[in-house]
Amino acid sequence: MELFKALPLGAILTLVIALPIGSQGSKGGQLSIFRAELYQYDFYWSWPLFLGGTALAWGIMMLQR
């Protein structure tokens with residue numbers, strides 16, 4: 001159950017970090033930030049950052065159990 005709660009937190013962390021890095025034209029090195037398009041909306045995304053943020057949020061929730 002904590003994993004499902006951690007997914008939105010990982011997405012929020014990814015959007016908050018990838019936006020300033022991606023908008024400056026950088027790829028973020030190991031983060032591999034790219035510009036994604038969903039219908040007519042553009043945003044910056046990073047799968048490694050999303051997985052790391054989700055794992056971090058999941059670990060913190062498991063510690064509070």
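The coordinates are above.
Student: I tried to follow the pattern of salt bridges on my own but got confused; where do I start?
Tutor: Pairing between side chains becomes possible if they bear opposite charge and their charged atoms approach one another. Tallied over the full model, the rule gives 2 salt bridges. The closest approach of N and O atoms between Glu-2 and Arg-65, which form a salt bridge, is 3.7 Å. With Glu-2 in helix H1 (residues 2–23) and Arg-65 in the segment after helix H2 (47–63), this pair connects stretches of sequence that are 63 residues apart. Measuring nitrogen to oxygen at the nearest pair gives 2.9 Å for the salt bridge that ties Arg-35 to Asp-42. Residue Asp-42 is classed as partly exposed on the basis of its relative accessible area of 43%.

Scoring rules and cut-offs
Residues numbered from 1 in each chain as written. Predicted model: local features only at pLDDT ≥ 70, side-chain atom pairs only at ≥ 80, totals over all residues. Heavy atoms only, no water. Salt bridge = Lys/Arg side-chain N within 4 Å of Asp/Glu carboxyl O. Helix = DSSP H or I, 4+ residues; strand = E, 2+ residues; numbered from the N terminus. Buried < 20%, exposed > 50% of the residue type's maximum accessible area, 1.4 Å probe, protein only.

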